[in-house]
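Letter by letter, the chains look like this.
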Amino acid sequence: MLRRLSHFNNSAAVLTSVISRSYTSKYVDTYYARTSSAPDRHAFGSHVQLNDSYDICVLGGGLAGLNVAYECAQKGLRVALFEAKRVGWGASGRNGGFVHAGYSLSDASLISAVGDVHARELYSLTVDSLADIRKHLASDEFDCTVEQEGMLTATVFPKSQAAIQEEVGELVDILGASLSFLDAETVNSKCRTDAYGCGVLDKSAFGFHPLKYCLALADKAQGLGAHIFEDCPISRIEGKGAGRRFSVELVDSRSISAEHVVHCGSAYSHDHPTAGSLMHSMLKMAALPVMTYVMITNPHPQLENALPANHCFTDDRFACAYYRKIGGQLLYGGRVDAFEVSADRLQQVMLDDLLQTFPQLRGISVDVAWSGTMGYFTHKMPFIGRLSENEWASTGFGGHGMCTTSVGGKLIASAIAEGNERIELFKTFFPIPVGGKFARPAIHFMYNWYKARDRLQGSRLRS
């Protein structure tokens, strides 16, 4: 049903005015910002008319929101996306750049949670999205390419190779996963370290430049007619209730009406002065903001010898390391916590972690290091679904959003435009309100507990 506005705060003449202004929000200094056109681009929406009425209002310009905007625009819906800072400013444009099937919840845990058939349906959605992303990257419209092929997850705990090989076989049979078991000798031939045992290679995974992908997807959505507005925080949403449209008011007092609102903000919405107050109360109480850290090194003469294979690499700790070669440099990330490491300590902390695994890289230096905040729910699955009548959310991807945000965009667009009920596959994972003001202390405690557990289980590395 259509939602009707009781009033507008501005005249139609103002509502259709062109937004033209300089940026107030800057990208964080990262390798990705330095190697993309992001800092020098004209603002998205700077020469677009803000209409008085849309079918869809998307809140958030990370990959979750961009995928919703893109998929809805593909179906002919009139879309307005509002981003309080810049497209891809948060975790979507700062992460490790790993693209792979599956969710933050492990494959084995997903099967345990919902059973073989349901798990395969959920997993298949990410496989399809992985293929879609590869198609985008192969087109001339995306200034972004596949940089590595395959993701190797190495074991740092003393585990039975036979047991891991058996588990891989089960995941291949049940989920159709593109996984291969690698013995310790093969793992060591790909990454030369005494820290690892055997491992698992996801042959379908790859690495890419996430910020370039965000910008290209935004361009693609705009080309389909979506209106994307950066530096445009929302101050108020009104009109919830049967038979009424939403009134969405910007901080500069302009307003639009929309039939549907889709919440796509995540961890960064918690601390934003306006976005935080506009987060759906259930999402705000359920979301757990988790920080992680990334750096890119300067070249080192032993890097190629330490990492002969051009894969994405990670390990099986709770707070795993993740890394990949980019040219002659190493992009390396890891650690999780609720509180940020000070800027003057960050580079040394990351170097210490790297050298635990690869002591042969001693003397390597850091080009730039940065932090990013991910949004988790306690069950480690995203929430993709309906919050109330004509109010939706695609959020909580927990550090695994490169592929799964595409799933969210397709399911929400299909549900709105066609009444497709496949989105109900995610209703099992409704967010549980456990966060709020106690979220960060709880995460800090949980991280330290998992570090202690890793040590007790005999990890070859310090978490």
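Our subject is the structure listed above.
Residues numbered from 1 in each chain as written. Predicted model: local features only at pLDDT ≥ 70, side-chain atom pairs only at ≥ 80, totals over all residues. Heavy atoms only, no water.

> Account for helix α4 (residues 107–114), with residues named and values stated.
The periodicity of an α-helix, 3.6 residues per turn, causes residues three or four positions apart to be oriented the same way. Within α4 the residues assigned to the buried category are Asp-107, Leu-110, Ile-111 and Val-114. Within α4, the buried residues cover an arc of 100 degrees as seen down the axis, which keeps them to one side. Gly-115 sits one or two positions beyond α4 and adopts a positive phi of about 90 degrees. (Buried < 20%, exposed > 50% of the residue type's maximum accessible area, 1.4 Å probe, protein only. Helix = DSSP H or I, 4+ residues; strand = E, 2+ residues; numbered from the N terminus. Arc of directions from axis to C-beta.)

> A description of the pattern of salt bridges should follow, citing residues and the corresponding values.
The tally for this structure, following the rule as stated, stands at 16 salt bridges. Put simply, Glu-418 and Lys-75 hold a salt bridge, and the shortest N to O gap is 2.8 Å. Pair noted here: Glu-418 is in helix α13 (residues 401–418) and Lys-75 is in the loop between α3 (63–74) and β2 (79–82), with a separation of 343 residues, a long-range link. Among the salt bridges present, the one from Glu-304 reaches Lys-325, with a minimum N-O distance of 2.9 Å. Residue Glu-304 is located in helix α11 (residues 303–306), and its partner Lys-325 is located in strand β13 (residues 322–326); the two are separated by 21 residues in the primary sequence. (Salt bridge = Lys/Arg side-chain N within 4 Å of Asp/Glu carboxyl O.)

> Got a sec to walk through a negative patch on the surface? Specific residues and values, please.
Together, Glu-166, Glu-167, Glu-170 and Asp-173 make up a region of like negative charge exposed at the surface. With respect to the helices and strands, Asp-173 occurs in helix α6 (residues 161–175). (Patch = residues over 30% accessible without salt bridge, like charges linked within 9 Å, V, L, I, M, F, W, Y side chains within 5 Å. Areas by Shrake-Rupley, 256 points an atom, 1.4 Å probe, with all protein chains shown as cover. Lys, Arg positive; Asp, Glu negative; His and termini not counted. Charge placed at Lys NZ, Arg CZ, Asp CG, Glu CD.)

> Help me get a handle on the pairing of strand β9 (residues 246–250), residues and values and all.
Of all five residues in β9, five are buried; the element is thus mostly enclosed. Both faces of β9 are covered, namely the face carrying Phe-246, Val-248 and Leu-250 and the face carrying Ser-247 and Glu-249. Where β9 lies against strand β10 (residues 255–263), four bridges are found, and the strand directions are antiparallel. Directly across from Ser-247, in β10, lies its bridge partner Ser-257. (Pairing = 2+ DSSP bridges.)

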